[in-house]
Each structure stands twice: as structure tokens, then as C-alpha cells.
Number of protein chains: 2
Amino acid sequence: MRNRSPRPETDFAALPTVGQSPLSTAQISGRKTSRGFVIELPLTSHDAVFGLGLQLKSFNQIAKKKTLRVNSDPIADMGDSHAPVPFYVTTSGYGVLIDTARYATFYIGCATPLQKRSADDKGDKTNLGAFTQDLYVDKSVEQNKRVYVEIPHASGADIYLFAGPDMKNAVARHNLFSGGGVLPPRWGLGLWYRGRADFGHEEFMKLADEFRQSKMPCDVLGFEPGWQTHSYACSYVWNREKFPDPKNTMDALRQKGFHVNLWSHQFTHPASPIYQQVQDFSGSFEAFKQGVVPDLTLPEIRKIYADHHDREHVAIGASGYKLDECDNSDFIAFPWSYPEMTEFPSGLDGEQMHSLMGTNYMETIDGIFRARNLRTYSEVRNAHALCASYPFVLYSDLYDHNDFIRGVVNAGFSGLLWCPEVREGASEEDLIRRIQAVCLSPQALVNAWYIKNPPWKQWRYTENNEDKFLENFAQLEANCRKFFELRMRLIPYLYGAFYQYYLKGIPAFRALVMDRPQDKETYSVDHQWMIGDHLMVAPIVAGKSEREIYLPEGEWFDFWTGRKYAGSQKITMPVPLDIIPLFVKAGTVLPLATVTQHTGDEESLKLDVRIYGDGHLPATLIEDDGTTYDFTRGQLNVVTVSGSGVPAQIARVGQYQGPAYSIQTTTLIP
Amino acid sequence: MRNRSPRPETDFAALPTVGQSPLSTAQISGRKTSRGFVIELPLTSHDAVFGLGLQLKSFNQIAKKKTLRVNSDPIADMGDSHAPVPFYVTTSGYGVLIDTARYATFYIGCATPLQKRSADDKGDKTNLGAFTQDLYVDKSVEQNKRVYVEIPHASGADIYLFAGPDMKNAVARHNLFSGGGVLPPRWGLGLWYRGRADFGHEEFMKLADEFRQSKMPCDVLGFEPGWQTHSYACSYVWNREKFPDPKNTMDALRQKGFHVNLWSHQFTHPASPIYQQVQDFSGSFEAFKQGVVPDLTLPEIRKIYADHHDREHVAIGASGYKLDECDNSDFIAFPWSYPEMTEFPSGLDGEQMHSLMGTNYMETIDGIFRARNLRTYSEVRNAHALCASYPFVLYSDLYDHNDFIRGVVNAGFSGLLWCPEVREGASEEDLIRRIQAVCLSPQALVNAWYIKNPPWKQWRYTENNEDKFLENFAQLEANCRKFFELRMRLIPYLYGAFYQYYLKGIPAFRALVMDRPQDKETYSVDHQWMIGDHLMVAPIVAGKSEREIYLPEGEWFDFWTGRKYAGSQKITMPVPLDIIPLFVKAGTVLPLATVTQHTGDEESLKLDVRIYGDGHLPATLIEDDGTTYDFTRGQLNVVTVSGSGVPAQIARVGQYQGPAYSIQTTTLIP
């Protein structure tokens, strides 16, 4: 099931030509069983395998058994995920998509078919393990490995193969097949802050002023459940006690440079004006308390949803939504979602709907903005196959920082974006380390939905809600501001990287292995990522004062000190609390924006350019209106910033006539 | 699928008569879907629900969604278990068994069918939760609750209802239907110690002497994988380098009062002498490295297995086995088991086989001993429905002490026994707390399979294996010895309690709620358990110096101090490191054995009797040979120890003529 078409064939033409299918049909088999359908695919003994969606607990999927079950609290490495995707790529340079919305189980080189032996074949000597680490056979070294995929209840499945010839191009091809990557609106790349769930007009206006006064950049304010009259389940109706005139609130915030994002979910409360229209087209079980589950695969239901949201929220200024709880719940004390056995009017069952709920919800909501020729950048808690073109970032109620970092790295294999959101901190250090990482991720979000004040004033939950600020909060605020400002400086670069994602399908945020599948050292690097082609970040978590960093082939400059490092080595670097390790590829021309309080301030178009080494890697920036789809119709300039000496050069191709980048300073970093 | 018959109808006659079925057929419905089969059962709004097998993460199953998937590393509360059992009991006093080996999903009062509403029904006001704890609707308070069971791939299922009239009798009925509970051999109730996996004859003889010299009671020594020539997968052949004459080793140990238990698993290595016989009757996938998975549901394969084990191990003195890895693996780095899609010659698939593997393995192994008129007490890592009559105790590689304690409490609802085994300690305190709890559990086992020396000499793994003992180890050893000796003193009482399990199906170890389903306070007591009818234990975990204890209705004596407490109250008790809270019901006549180094020493039949209060609750003890099934054929005395003054009285009914209990001292505790 898909809502969107692949990009036109001409867009694929930019990718390298591959003469033949990466796997022959003889190498792939499938068979119906009493349980469903089983697919067998080959795997070479040297393959590393990545993908399967938002896998928070592991990176290389070799020797893993993963069941792609949609789940809101995936606490074990068994495949459960907010966004499982039945797609994997191998270091041999191809991708495989199994077209199913079932909770398929992937055995990646860890299922060995029975091999009959003659009486004189006594097998290998096995390990008389006296110690746990001796016990488990490293199946990754076995020959004749295979991938098995078992799809429950199915009688067949389409298999799509994506040629490379290398991993990055296989991923790119998959993303173009999905409709191409996302170019967020410029404001989406700024800082995001979600206020406490019970905040109304007064609190948000106060918060907005506080941000501007304290010079903490911010582009987006998020309204959590309290904006609705009913939530958990939802009415989609403004709570007029908190927001007497929501248009006025959003206008006032827009004037201060803020966009507004609205929390919501799809479970519809009896008090909602659309309830009577949707209840007959809903699943056979309810979710949360009294919430019906409308079948958004049905165009007429989608239209009811979209029309209401358009008229009541978007028409008066909302810029996006946070689509909560469209995944599923199993692990928690009171599971709130509908069972897999639920029956939907479209014929889907609950299992299939869990897999597709986020996709259809995104399609519904994104459609509102597209119809208005507006780009949104929004949040969502479920995605699945072929979602690359949806301008939605995944998030979670989980909070392990290592997992959150791995999420950034892994999401890029499967056409997903992931936000390692910051809520409170376990300590000042934890807060800073989280702020650092999120500012170098697809979405720089602080989600303060249950604390009254920004966490840099008080990272402790209780004291924060009692307005008891840290004595040194100004210092902590300043440290956080440093990374907010770093984010603002990087926006031209990020926007350019996302344009490559849109145009060519190359993820703006991606694992090192995607560019270097021949370099086996990268197969385990799940705590560093590339941003675009020229930046590499190596975040660090609380409790550590140094970390090991892998520098791939080439030379790398420390962004903060300008120190040059040889590549193809691991270094161990002390990381003081005011630093996140960030490296620039030698030769890079790196344009940095002037820091502003939000992206709407045109001062941000003035660039300070750094030229690292010989400057043989120019920057490609994009100029457009930043908010509409006119860029897809020619209203776009491709801007090249290049040079090896002072001043750097700027050149543009295109017919966009609006505000333009200019070079303010140039610095050589030899 | 079942291997064993229910107990004869006459055995059920001892239970209270119930006039009618606890649920009418009109209250139960089932229907075939494209996914399998869905069963709907009623639930009253005041019901608490327990069972579903070895659930380590939760107690009352109300508002839980549980998928009964067999798994070796159940780290989340989602139903995964070594021993999931599709059986639950409610406080309304009945039990429900769904006869399926599929990974069925139980929705216990947490799935709400769609309820169509009129336009003027605006539903309830929902909670605008600003704080996480506000968000989740407590579905336990909802009316019209139901239990749904979804069985994948099935087209129907038999449902068995067990009347009470109360919870304890419903459980008892279920256990009798399973074939009745277990009466372990007396030696099985003594202390168990498993030596390091690479130990051979020399090391075990040295270990045996060390136990006797240091006066640490011990009845069973366990040999871990090193006794076989091949392990992971297994040959079932003695490693003659380590054990040049295994019969001699076992004879020598038996002379010192030790029984021997052999680790094994069912995955058969090509070097095994039975490999050629079983490989054609094995599953279509291998497990571990080169291990075939014989189909032990086939009688001819069971016979090949049993004959080999009988001839090579049992005939020369082995008293039992530890049946490892008959569950399944998903979570760990290198899953070692066969996939659910595996096909077996019997027609079962891998999912069904995972559910039934432990049962059939137990049937095979227990059959060896039964054929020799010997009782075993053994270990197993998987069980399922109707397993009460198998003399096997479940265990795990997990190690959370709170979960281990909850396991003791929960296992009793489903005809299971569970051992909260002690391996190393995280600290001296942790070691002692674990020793305390395991000594008051179904199996008092120290599993030192990866440490060279007993953990009370050194609880740290590395130092232990380097023979670096704690400076104060004698003191730690003495503290552990105190609880080993407590175990030995309780064996007559435990043996009597297990006889009630055998005879009437009443679990020897059980949750407080099982005796008091009207007392809602017990619905959350998952860290205390009853031993028999008169003792209640409240273990404590490391890091706590006091704990809250619920004392049910009646009066209770502190076992250690003799202090009397009123019941129907919660007390908070300081718990010094040399104490595990243990309470005796007022009126109890408690016979305690003389401490011996093993159960074979007849000195242990001399009893010190304590009379708590008025002594209106006499003790029922059992005399028999302690090792055979002759007790089922009349070779048994039922011994009553009673009295309210000094000396206590002893009386016996029966025709067993062997060694007999006698009263040594009587103490009144007023």
C-alpha cells in the first residue's frame, strides 16, 4: 500500500548506472506455509547489513533476529520500533524492500537450515564454554549465510531490489522510489521548544518574550495537549479557556518570529465535531478512553480529518503537528492502543493498521499543507516503508541517550528522520550533552512538555515546576545557547544538505558506513554521523569526559580548534563540557550563518566562510522562499561558495529573486 | 497436546463441590479470523487476574496485554517467558485454560470494543494530562471488561474451565487435571551447588570435601557442560579427560552424601552416537553450531534419547538433569535457537515446538527415572500448560533479584516451580540476600557455573577465579551457612507441604492472594509468599535495610524473635543482614529437623518442635523412602505433630516401615 509515487525516472538518471539486478531471481525464493509466507535471500559472508527502520538498540543487523512490530516502548533489541521498515541495505551495495505491513520477522544470517551429514562427519569441535562469553557462537563468520523473512498470515509478497552500485546509492534509489527526500521549510531547521502541556495564551506569550530577551534562538513553539478541549482521546477543538482567540495567539507569536506546532493524535473523542462522521468508519476497538480509531486509509475519512484541521488550525496559522501515539503500545502498565485483531472498514486489520497508521496520518496532515502550497516540518511517532518524502521527524518517550544517538545514525538507512529530543536532564552534564547532540540532529527540539520553565534554568523536574531556579542558571543557559547558536550558524549548510536529500535521496544525516562500505571500521560506528558531505559529529553522553572517535580516510579538522588530524585512525579525545566533537573534512568551504534569534531574520543570510585547507570542496547552498513548493517549479537558486583564499567566492544559478546569501567574512584554516 | 493424564476422579473428590460451571457457554464466544482465532471471555469489574505462567515482570495481570512467546531473555513485561502458560485464575474463583501451543495474545481487560454513540453522547471529560502519571487511563476501573485471546494461525481452540469455588481450589483443580503436583525426592529439597563448567573428577571431589569440612550442607552437585565431549551442541558422551571413570566419580560422591545432576540440552552434535539415528527426525533448521533439533514428540525419537541417557548416565548414578535452552532465544546478540518457521517431522512448526519443547524433554527424561521407580528433581528452562506433575524447577540466565522473587510467587498459579538461583553477588549484601531467598524457595540452588570457588569465599567474579578470597570470608560463609541450615531444618515441613501439592494440587509455594482472594490488599503482594499453610516469607533485596510487609488476617509470629504481630496490617520492619523476614501463623506446630550435612543423614529425622500460641494448627509430615514412587502404592506414613504443651505429640497413620521422625525437644512460643 502506498500513497505516493516514485520520483520520475529522470531523477533516477542522476544516479550511477547499474547494468544488472544486484541479485538474480534464482537467488531468491519464497514459499507459502501454514503460518504465512517465507522468503529466502542470499547474503555473502563478508556482508554487513543495516536498516530495518528505527532500530534504537543495534546497528549492524548481521546475526540478528528482528520482528518488525510497531511499538511505542521498544526496550529490547528484538525489532520492536516506533518505525520498523522492512528494508535493509548491505555493504555489498544493494537494498531489499519486502512490501508488507505485517510484523515480519527477519533472520539476518542467524538461521541455519538442517544439513544432513554422513556417519563419518563428526562436525566441528564445539566450545566447552566455562564462561558466558565463550558460549555464543559467532554466526557472523559462518559461510553460506542467508536472510530469511517470515511474513505472518500472508500468501505472498512483492520484493523490491535497489541496485547501488554502492550502499549510498542503494539508499538514494530507495528514497527516490519513496518519492524523494524532504526539504524542510527553513524555519523547521531552527530551534524548537514545546511548552508545558497545560500552557495557554499567557504562558506562551511570556515564554516567547523570555526567549527573545535571553537571546536563546527559537523558531518553533509547540503546544501540547492542553490546547484541545479534550485530549487522550482528542476533540481537535481549541480550549477557549486557555486560548480565547487562537488566531490572535498565533499571529502574535508569528510577529515575534515563531511558528506554532500542535500536538494531536488520531483517536477521536465523542466530544469532537467529527466524531459522528467518523465513528462508522472506525476500527472495531477503541483506544485510550472512548477514542474511536478512524480508518484514514479511506479517502473520505481522510478528507473529513483534513478539512477540520485545515479550517480550525492551519487556516489561522498553525505550521505543523505532532502526531502522537500513532504507533502502538504493549509494554506499559495500561496499554492504550487498539489490538492487532481490530478490524477496519478498509479491510485492514489492527496489525496492518499499526504499521500504516503513521503513514496515512502523515499523508492526511501533509496534504493540508501541500494544498496550501506550504511546506510543514512536523513530528510523528510512527513511520514504515517508503516514507522518505514525508516532512515528519520521529521521536519517542524513551530517553536513553546512547539509543537516541544511535537513532540518528540508523534512521538514515530507511528514509526516516529522527529527533533525539531533550526533555529534562538527569544532571547539568546530561542536559548539556543532550542539547549538544540534538542541535546537530535533523530537528533541534527541546520538549519541555511537563516542566514549566526551560530546563537550563532548572534541570530538576520538581524544582523546575516550583520555579526554583539553579543558582548558576545563567552559566548553564549560556552553555546551551552556544549550541543553539551553532545550530543557527549551520542552517545554510543543513538546508543545502537537505536539498540533496530531496533531489538525490542522499540522507542529510547518515552513518559513516554509507559513504565508506569498503571500510570495515565503519561497520560498528553507531555513535558518529555525517551531516551532509563535509561535517562529521561524534556526540558524547553524560558520565564521560573523553571518547573514542573514528576518523575515516582523508584529513579532518576539529571545528572548534582548527587542529588537523590524519584520517584512517581512531583517536581518543578529551571532551570538555562546552564541546561536542565536530570535524570538517579537509578542503571544505564551510559557510556559517550570522546568528539570529530565528530564521526569519534576514541577517542570517550573511555568511562567515571558513576555508579548511585547500578549499577544493565548495559549498552548495540553496536560496528559495523557504516555505513553499515553488522551489520545485524553478523558484530556486543553487549557490556555490568556493575559494582557496580571502575572500571566498559566491555564485548562483537559478531564477529565485528573493533575499540572497552574501559573504561577510572569510577565514582560512590551514 | 498432552503426555499425561489427569489424576483419577476420586482425587478431585477431596476438593469442594461446585454445583455449576463458573462461566456459562453463553458468556464465551470464539470466531475464526483471517489471522487465526479470537476468544472472548467475561471479566467482572472487581476481578484481579493471575497466572499466564512464569511472568517475571508483573503480578496482577489486569489491564495487561501479554503475548505468550517462549523466550530465554524476557526483559520487558509483554508476556515473553521461559514458561508462558495459557492459563489464568481470577479472584472470582475460577481458572481458564486455552489449549494452544501458539504464541497467543491475552488482553486482560485492556481491549475495549467500539461502542457506537448517539450525537448527544459527548463522552466523558478526558484528562488534559500535563504530567506523565495523569495520562494513562486506569482501565482497571472500567465496567464491562473482557478477556480477549487471539491465537495466531489457529482455526479453533479447546477451552477448559476450572471451578473453585475459590482461587486456591481452582488452581488445585488445574494441577490435578495436569496429573497432580510434584513430591520431590527428599534429597531434592536439600542444598544444590553447581560447579564451574570446566570442573572434572578432581575438582568435584575437592569441592565435596570442602563442603563437608566447612559444614556447609549440600545434597546435590551439578556438573555443567564440561562433562560432555561436545557441548553447545551436545554429544551426551562423558569427557573422559575430565572424568576417567564417571561411575566411580558418582559413587564416591554418593558415599559422601551427594547426588549428581548433569547439565544438557536437546541440540544434538554430529559427534553424538545418536546423531545418525535422530537427524532424519529433526527440525528443518539447526540450533547452536551444527546442532540438530530432534523431534521429541515422536515416541521412537524419545526412546532413542531416553535409552542413551539411561544407559550412559542414569544407570551409573546420575540423579537428574538440567535441561538447558529448551526455550528459545530472540533478544541476545547471536540467537542460538531454531526459527518459529522450522518444520518438524511430527507436523509441528517451530512456534509450537518452542512452546512444547520443555514439556516433551521433561517427559523424556522423567520417563527414564519413572521406569526405574526413581524420583528425580531436576531443572528445566521451558515449561508450558499442564506441567504440574513434572519434577522440574525452572531457572533463568536473568538475574534481577526482584524479578526472581516475583517468579516464586507467580509460578504457583500455573503449576510451575521456579528457582531464584544464586550465582555470584554484586556485593556481599547482594549475595546474602539472594542466598536467603533461594533457601526459602522450591530449590535451594547456588549455580557457580562460571566461578571456581563458592561465592561466599569471594563474590567477585574475577578474584574468585584467581583464588583471591575475601578477608572476612569465614564470616560471610557463616552468614550463608545460617540459611543453609535453616533450609535443612525446614525440610520435614517442606516435604509435607509438597505432599499436599502432589495429593491435592495445592502449591507448596504460593502467593498470599491464593488463600485470601477476598482480601484486596493481597492483590499487589508479589514479594511475599506462603510456604505450605503456616509459614510466610518476605525476602528483601540488596540496598534496603527495611521493608514493608503485609500481614494478612490472623496473628503472626516472627520466626527469629518469637514476637507476635496482629494481622490485617502492613508493618515496616528493619531487616538486618543476617535476617530474612519469616512469619509463622499463630497456632502453628512447627517441627524443625536437626541440622545435618545432607538429607541422607538420619539424624535429620530428630525434630525440635516449636508450638506458636495455642498450637491449634498441627503439622502434617510424611514418612516414606524419599526416593521412589512406592509412596503412591501405600508405602507412606502421614505423621501428625500436635500439642499445646511440652512435649509435643507425634502420631502416624500408614504402613511405611523405614526410618521415622521422632521428637527431640519442644519449645512453647506464647
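Residues numbered from 1 in each chain as written. Chains lettered and ligands numbered in written order. Predicted model: local features only at pLDDT ≥ 70, side-chain atom pairs only at ≥ 80, totals over all residues. Heavy atoms only, no water.

*Asks:* Just to check I follow, could you spell out the domain arrangement of chain A for this structure?
*Replies:* Bring the parts together and some accessible area is lost; that lost area is often taken as the interface size. Residues and elements named next belong to chain A. Split by domain assignment, chain A resolves into domain 1 (9-113 + 139-177), domain 2 (186-491), domain 3 (509-585) and domain 4 (589-669). Domain 2 and domain 4 are separated by 30 Å when their C-alpha centres are compared. Facing the 22 residues of domain 2 at the interface are 22 residues of domain 4. For the domain 2 and domain 4 pair, buried surface summed over both sides reaches about 1,900 Å², with 49% attributable to carbon and sulfur atoms. Taken as a group, R186, R375 and R489 account for 45% of the area that domain 2 buries against domain 4, more than any other trio of residues on that side. On the surface where domain 2 and domain 4 come into contact, there are three salt bridges. Residue R375 pairs with D624 through a salt bridge whose shortest N-O separation is 2.5 Å. Taken together, the links from domain 2 to domain 4 amount to 14 residue pairs in polar contact (both at pLDDT 80 or more). For the side of domain 2 that touches domain 4, the elements supplying multiple residues, two or more each, are helix 4 (201-213), helix 8 (350-371) and helix 12 (473-504). Here the residues of the side of domain 2 that touches domain 4 are counted per class, giving nine nonpolar, three polar and ten charged. (Domains from an automatic or database assignment. Contact = heavy atoms within 4.5 Å. Buried area = accessible area lost by both parts, 1.4 Å probe. Salt bridge = Lys/Arg side-chain N within 4 Å of Asp/Glu carboxyl O. Polar contact = N/O pair within 3.5 Å; in protein donor to acceptor, adjacent residues only side chain to side chain. Helix = DSSP H or I, 4+ residues; strand = E, 2+ residues; numbered from the N terminus. Nonpolar A, V, L, I, M, F, W, Y, C, P; charged D, E, K, R; others polar.)

*Asks:* Please explain the state of the cysteines as it appears in this structure.
*Replies:* The final tally for this structure, using the stated rule, is zero disulfides over all chains. Free of any disulfide, C110 of chain A has its nearest cysteine sulfur in C326 of chain B, 20 Å distant. Not part of a disulfide, C480 of chain B finds its nearest cysteine sulfur in C439 of chain B, a span of 8.3 Å. (Disulfide = S-S within 2.5 Å.)

*Asks:* I keep staring at helix 4 of chain A and nothing clicks. Help me out?
*Replies:* Residues three or four positions apart in an α-helix share a direction because the helix packs 3.6 residues into each turn. Residues and elements named next belong to chain A. In this model helix 4 runs 18 Å from its N-terminal to its C-terminal C-alpha over 13 residues, within 8% of the 18 Å that 1.5 Å per residue would give. All of the buried residues in helix 4 are H201, F204, M205, L207, A208, E210, F211 and R212. The secondary structure elements touched by the buried residues of helix 4 are strand 10 (191-194), strand 11 (220-223) and helix 5 (246-255). K215 lies just past helix 4 and shows a positive phi near 55°. (Expected span 1.5 Å × (residues − 1). Buried < 20%, exposed > 50% of the residue type's maximum accessible area, 1.4 Å probe, protein only.)

*Asks:* Is there a simple way to explain the relation of the copies chain B and chain A in this structure?
*Replies:* The relation between the two copies of this chain is a rotation about an axis and a shift parallel to it. Overlay of chain B on chain A (RMSD 0.0 Å): rotation 180°, translation along the axis 0.0 Å. Those values place the two copies in the arrangement expected of a two-fold rotation axis. (Least-squares fit on C-alpha atoms with pLDDT ≥ 70 in both.)

*Asks:* Can you help me understand the side chain of S81 of chain B in this one?
*Replies:* Residues and elements named next belong to chain B. With respect to the helices and strands, S81 occurs in the loop between strand 4 (64-67) and strand 5 (84-90). Judged by relative accessible area, which is 1%, S81 ranks as buried. Residues contacting S81, with those up to four places away along its chain left out, are L54, Q55, R69, V70, N71 and P74.

*Asks:* Whenever I open this one, the pattern of salt bridges confuses me. Can you help?
*Replies:* Side-chain pairs of opposite charge can arise where the charged atoms are in close proximity. On inspection of all chains with the given rule, the structure shows 102 salt bridges over all chains. With its nearest N and O atoms 2.5 Å apart, the salt bridge here joins R35 of chain A to E351 of chain B. Of the two residues, R35 of chain A sits in the loop between strand 1 (29-32) and strand 2 (36-42) while E351 of chain B sits in helix 8 (residues 350-371), which places them in two different chains. Each of the two residues, R35 of chain A as well as E351 of chain B, counts as buried. Of the charged contacts, one joins D366 of chain A and R370 of chain A as a salt bridge, the two residues approaching to 2.8 Å between their closest N and O atoms. Taken as a pair, D366 of chain A and R370 of chain A lie in helix 8 at a separation of four residues, close to a single helical turn. Given a relative accessible area of 0%, D366 of chain A falls into the buried group. Sharing partners across several salt bridges, the network here consists of R35 and E150 of chain A together with R102, D349 and E351 of chain B.

*Asks:* Is there a simple way to explain the interface of chain B and chain A in this structure?
*Replies:* At the junction of the two partners, chain B supplies 98 residues and chain A supplies 98 residues. Both sides of the chain B and chain A interface together cover about 8,300 Å² of buried area, and 55% of this is carbon and sulfur. Linking chain B with chain A are twelve salt bridges. Its salt-bridge partner being K116 of chain B, residue D280 of chain A comes within 3.0 Å of it at the nearest N-O pair. The interface formed by chain B and chain A includes 34 residue pairs in polar contact (both at pLDDT 80 or more). Mapped by element, the contributors of at least two residues to the side of chain B that touches chain A are strand 4, helix 2 (132-135), strand 8 (146-152), helix 6 (275-278) and helix 11 (461-465) of chain B.

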